[in-house]
Amino acid sequence: MAENSQTRLFEIASRIKEMREIMGWTEKEMAKRVELSESEYLSYESAERDLPFTFIHKCALAFDIDLTDLLEGNNEARLTSYTVTRKGKGQKTAKEQGIDISNLAPKFRDKIAEPYWVKYEYSPAQQNQPIHLTKHSGQEFDLIISGSLKVQVGSHIEILREGDSIYYNSSTPHGMIAVDGEDCTFVAVVLPGEDTKEENVRNNIIQAGKSEKLICEKFCDTVEDEYGRLKSIKFKNAETFNFGFDIVDEIANKYPDKLAMLHVDKHHVEREFTFKDIKHSSNQTANYFKSLGIKKGDKVMLVLKRHYQFWFCMVALHKLGAVAIPATNQLKDHDFEYRFNAAGVSAIVCTADGDTADIAQRAAERCPSVKTKILVGGTKDGWRDFNNEYCLFSSKFERTPDSSCGNDTALMFFTSGTTGNPKMAAHKHTYALGHFVTAKYWHCCQRDGLHLTISDTGWGKSLWGKLYGQWLCEGAVFVYDFDRFDANDILPMFAKYNITTFCAPPTMLRMMIKENLSKFDLSSIKHMTTAGEALNPEVAKQFKEATGLEIMEGFGQTETTLTIANLFGDTPKLGSMGKASPQYDVDIVDPEGKSLPAGEVGEIVIRTDKDVPCGLFKEYYLDREKTDDCWYDGLYHTGDTAWRDEDGYFYYVSRIDDVIKSSGYRIGPFEIESVLMELPYILECGVSGAPDEVRGQVVKASIVLTKGTVPSDELKKEIQSYVKSHTAPYKYPRIIEFKDELPKTISGKIQRNKL
């Protein structure tokens, strides 16, 4: 430390000691007044450590003197006509991590305003944190000198750049951070209220530049590098965690008017729901369900498309302790019957749209476990009327000592496997916590943002992107309850509603790039992600060319949360799913379970020998055999194959049972599909193995052409030549079949075994 700085440090410390002695306080008493241990206080008073502004400020408050008295030794505010402060000569009144404040008129007496020269350092970590809000009586004017400042006043967000200014009532909660990758310098002129001391105003400027902690941080500890990239995450207090009580209700208590969901129905009727609305409506729903005999442990199927009532029901079932089973409205009689019997479903909450309720009712008549049928959005004989009945119940629902939480089963998904009956993946209450990484570090959801994930509520992806993680980040979700995807209907909504983060499956992206995306304003999107199936590199390339957006791919399963991904701060590699999430210990292994080196294809597994990660499923419900088939010897086997490069990036190959074995070669269909998708006249395709007496199997490509493209033998030869020249020749499709559509699971995944 420079000599003059060291001298000034001793002088300030000496004044603090002198004032303490004048007040007649011991070191222990003084330490208590400034909220420090006695040893910490003595290290400051003896000038062994630098004196932070907060410490000096607390001392001034304790002594009931002006901060300047401690900083300068006396109050030098004597001038009454004018005062000039030369560049860089303001009185340094605060210097904390990332914040530098100087008073520009320290010598002027009886000021009606306090002018400050303020510098906020840019922090990558703050970009994904809620802005800390503070308030004080009076008004404030801020003028940007350099850089960019993100300012929040109440619920309003503004980005200010050089030359911009803002004037606001500082009794409104407000805060700000530097953005756009550089420090921000600005002049703050504060007109304090009559009862506000100057040092209190200055402290509020400091507090306004800090990040507010998320409520969910009670349950998770993260370590980030200096750029805000996630290095590690650990979960705590998870044994008592209940998403309804601990997240929804706590946000509602702290920020009752914070937007939770912007919902647009199929008729384009808009509804806004605050966290207070969700708390009260979920409590009413829980009381309603309880009155119908639904209790802790009961299995309740939700077939609600994208109706806003789905969110009421999910949170209510978590509070009640019943097990939620989301399902799609595309199920047929035998699908419902299988699910009702396999899970022992006792109640169904179903959409009134279409004939879904009729189909479910026919199946329920053959399933004695189904006792209660509840209809949403209509009336029907034998069904309860949700819309008109739930609202008659109390909006209070109290947590009890035996409320479901932690490792109790909260949720079950029927997997969308391409072969055999779907399995029931059971998840604990802690599954919701496992999506913190999904939303914060992959979707990059922010408290003031609006996130859209395109997914029906019947699929696991909806809970990845429409509920848990986004609300853990205290952000809002955008929901459009459409029946069929129409780019001309959906894409204008990004600009209209200022949707800031977006996630869609590759199938949807393939449809989008066939549209003229230049017609649509997608500039509100700050971050874009995809998952659900592997992303063809050509789709990512074309989407970036059309929109400028880099699609950040991720990988996970119904049995997991986000497992591999291009997280915040990572540099994506074309064709890669990204790196392993710090939440999971991911490896690539051979059939004997031995770890494989970089570049070799093997099965993706999650190691559980040391710890079972938060977010991994509990079991396949009532099926120990299938659970043991995929989870043994300290490894959860995903059944997906990939290879890993020297930098730790994973590249998807295929499902294990989709690998084509031809003339001794092991060929993954995804690589060939990716090459085929580079051709502009191919809308979608599926590659499979066809039996061959000589080679064992040969590569077969089933192709759907774009509208107006005429299939022909010449086109087949052109496609075969293209694949030969763009990948290893032995991988080219010897058989090409043009189809109007490809066989798919209910969730939209191509069924290669039926090609």
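In what follows, the accompanying structure is described. What you see is a predicted model; the values in this text were computed from it and never measured. Note that residues are indexed from 1 along each chain, following the sequence as it is written. Only residues with pLDDT of at least 70 are given local features in this predicted model, and only at 80 or more are side-chain atom pairs given and counted; all residues enter the totals for whole chains, interfaces and linings. Side-chain calculation: all heavy atoms of the structure are included, whereas hydrogens and water are not.

### Brief notes about the sheet that holds strand β6 (residues 156-161)
Here is the rule: DSSP calls a pair of strands paired once it identifies at least 2 bridges connecting them. A helix here means a DSSP run of H or I that spans at least four residues, while a strand means a run of E at least two residues long, and both kinds are numbered starting from the N terminus. Helix axes are fitted only over the stretch in contact, all axes being lines through C-alpha atoms; the angle between N-to-C directions runs from 0 to 180 degrees.
Spatially, 3 strands are ordered β6-β5-β8 in an open sheet, and the strand pairing comes out antiparallel. Both edges of this open sheet fall to β6 and β8 (174-179), since each of them pairs with a single strand only. The sheet shows a mean angle of 20° between the axes of neighbouring strands, direction not considered.

### Observations regarding the nonpolar core
Keep this limit in mind: Side-chain atoms within 4.5 Å link the members of a nonpolar core, which is a set of buried Ala, Val, Leu, Ile, Met, Phe, Trp, Tyr and Cys residues. To sort residues, take the accessible area from a 1.4 Å probe on protein chains only and compare it with the maximum for the residue type: under 20% means buried, over 50% means exposed, and anything in between is partly exposed.
Core analysis: the largest hydrophobic core is formed by 76 residues, its most contacted members being F243, F289, L302 and W471. Here this core gets 9 residues from one element, more than from any other, and that element is helix α9 (residues 309-320). Residues I513, M677, V699 and I703 belong to the second largest nonpolar core, which totals 53 residues.

### A closer look at the pairing of strand β24 (residues 527-530)
So the rule is basically this: With its strands directed away from the observer, a crossover is right-handed exactly when the path from the first strand over the helix to the second travels clockwise.
Here β24 shows no split at all, with H527 and T529 on one side and M528 and T530 on the other all buried. Chirality of the crossover, the property in question, places the unit of strand β23 (residues 501-503), helix α18 (residues 506-513) and β24 among those that are right-handed. Sheet topology places β24 next to strand β25 (residues 551-555); 3 bridges connect them, and they run parallel. Across the sheet, residue T529 finds its bridge partner in β25, namely M552.

### A closer look at the layout of surface pockets
The condition is simple: The definitions used throughout rest on a 1 Å grid laid over the protein atoms alone, on which a cavity is an enclosed set of points accommodating a 1.4 Å probe that cannot get out and a pocket is an open set flanked by protein within 12 Å on both sides along at least five of seven lines; lining residues are those having an atom within 4 Å of a point. Grid points are joined across faces, edges and corners, and a volume is the space filled by probe spheres set on the points. Three residue categories are used. Nonpolar comprises Ala, Val, Leu, Ile, Met, Phe, Trp, Tyr, Cys and Pro, charged comprises Asp, Glu, Lys and Arg, and polar comprises the others, including Gly.
Roughly 1,600 Å³ of volume is contained in the second largest pocket. Along the walls of the second largest pocket sit 50 residues, with K150, Q446, D448, G449 and T500 positioned nearest its centre. Going through the elements one at a time, β5 (148-153), β6, β12 (259-264), β21 (450-453) and β24 are the ones with two or more residues in the lining of the second largest pocket. Broken down by element, the residue count for the lining of the second largest pocket peaks at 3 residues, all from β6. Across the lining of the second largest pocket, the residue classes break down as 23 nonpolar, 15 polar and 12 charged.

### Structural notes on empty space enclosed by the protein
Inspection of the entire model under this criterion finds 3 cavities of 30 Å³ or more. Roughly 50 Å³ of internal volume is contained in the largest cavity. Along the walls of the largest cavity sit Q126, Q127, Q129, P130, I131, K150, Q152, I177, Q446, R447 and D448, which together make up its complete lining. For the lining of the largest cavity, the class distribution of residues is 3 nonpolar, 5 polar and 3 charged. Its volume calculated, the second largest cavity comes out at about 40 Å³. Contributing to the lining of the second largest cavity are F243, H318, A410, L411, K428, H429, Y431, A432 and Y468. Of the residues that constitute the lining of the second largest cavity, the class distribution is 6 nonpolar, 2 polar and 1 charged.

### Regarding the side chain of D142
Stated precisely, the cut-off is as follows: In what follows, residue pairs with any heavy atoms lying within 4.5 Å of each other are defined as contacts.
Along the chain, the position of D142 falls in strand β4 (residues 138-146). By relative accessible area, which is 0% here, D142 ends up buried. Those residues in contact with D142 that lie beyond four places of it in its chain are D164, S165, I166, Y168, M176, F186, V187, A188 and V189.

### Digging into the sheet that holds β21
Taken together, the 9 strands give an open sheet; going across it, the order is β13-β12-β22-β21-β23-β24-β25-β26-β27, and neighbouring strands pair in mixed fashion. Each edge of the sheet is formed by a strand with only one pairing partner; in this case those strands are β13 (270-274) and β27 (579-580). Inspection of the sheet shows β12 paired to strand β22 (residues 476-480) by 4 bridges, in the parallel sense. Looking across to β22, one finds that V264 is bridged to Y480.

### Comments concerning the environment of H451
The condition that has to hold: Within 3.5 Å is the distance limit for a polar contact, defined as a pair of N or O atoms, with the added protein rule that one can donate a hydrogen and the other accept it, and that residues adjacent in sequence qualify only through two side-chain atoms.
Positionally, H451 belongs in strand β21. Distance in space between the C-alpha atoms of H451 and L331 is 28 Å, their sequence separation being 120 residues. With residues near it in sequence (within four places) discarded, H451 still touches H443, C445, G465, Q470, A476, V477, F478, T501, F502 and C503. Of the polar contacts made by the side chain of H451, one reaches the side chain of T453; its length is 2.7 Å.

### Here's the deal with the environment of V704
For V704, the position within the fold is in strand β37 (residues 696-705). In this structure V704 touches Y681, I682, L683, E684, K739, D740, E741 and L742, once residues within four positions along its chain are discounted.

### Quick word on helix α7 (residues 243-254)
Formally: A helix is expected to span 1.5 Å for every residue after the first.
Along its 12 residues, α7 runs 16 Å from first to last C-alpha, staying within 8% of the 16 Å computed at 1.5 Å per residue. Of all the 12 residues making up α7, 9 are buried; the element is thus mostly covered by neighbouring parts of the structure. Three or more residues of α7 are buried, namely F243, G244, F245, D246, I247, V248, D249, I251 and A252. Where α7 is buried, its residues touch α8 (275-291), α9 and α15 (468-472). Measuring from the side-chain oxygen of the N-cap residue of α7 to the backbone nitrogen of G244 gives 2.9 Å; that N-cap residue is N242.

### Topic: unusual backbone geometry
Located in the positive-phi region is E474, a residue other than glycine, with phi close to 60°. Residue position: E474 is located in the loop between α15 and β22. Despite not being glycine, L622 shows a phi value in the positive range, around 60°. For L622, the position within the fold is in the loop between β30 (619-620) and α20 (624-630).

### Concerning the pattern of salt bridges
Quick reminder of the rule: Just to be clear on terms, a salt bridge is a Lys or Arg side-chain nitrogen sitting within 4 Å of an Asp or Glu carboxyl oxygen.
The final tally for this structure, using the stated rule, is 35 salt bridges. Taking the shortest distance from any N to any O, the salt bridge between R271 and D265 comes out at 3.5 Å. With a closest N to O distance of 2.6 Å, K305 and D483 form a salt bridge. Taken together, the residues K305 in the loop between β14 (299-303) and α9 and D483 in the loop between β22 and α16 (487-490) connect sequence positions 178 residues apart.

### Let's talk about the packing of α7 against α9
Threshold: For classification purposes, an angle smaller than 35 degrees is called roughly parallel, one larger than 145 roughly antiparallel, one from 65 to 115 roughly perpendicular, and anything else oblique.
Contact pair α7 / α9: the axes reach a minimum separation of 8 Å and the direction vectors enclose 130°. One way to sum up the angle between α7 and α9 is to call them oblique. Taking contact as the criterion, the partners of F243, G244, F245, V248 and D249 in α7 are, on α9, V315, H318 and K319. Among the residues forming the contact of α7 with α9, the class breakdown is 4 nonpolar, 2 polar and 2 charged.

### Looking at the packing of aromatic side chains
Quick reminder of the rule: Pairing of aromatic rings covers Phe, Tyr and the six-membered ring of Trp, with a centre-to-centre limit of 6.5 Å; geometry is then stacked below 30 degrees between planes, edge-to-face above 60, and tilted otherwise. Ring-over charges, as used throughout, are those where CZ of Arg or NZ of Lys falls within 6 Å of the ring centre and within 35 degrees of the ring normal.
For the coordinates displayed, the defined rule picks out 34 aromatic pairs. Ring plane angle 55° and centroid distance 6.0 Å describe the contact between Y41 and F55, whose orientation is recorded as tilted. Placement of Y41 in helix α3 (residues 38-45) and of F55 in helix α4 (residues 53-63) is noted, with a sequence separation of 14 residues between them. F55 carries the same exposure label as Y41, and that label is buried. Put simply, the rings of F273, Y288, F289, Y308, F312, F386, Y390 and F393 pair up and form one aromatic cluster. Its end group placed over the ring of F414, R339 keeps NZ or CZ at 5.0 Å from the ring centre.

Shape descriptors only; they carry no functional weight alone.
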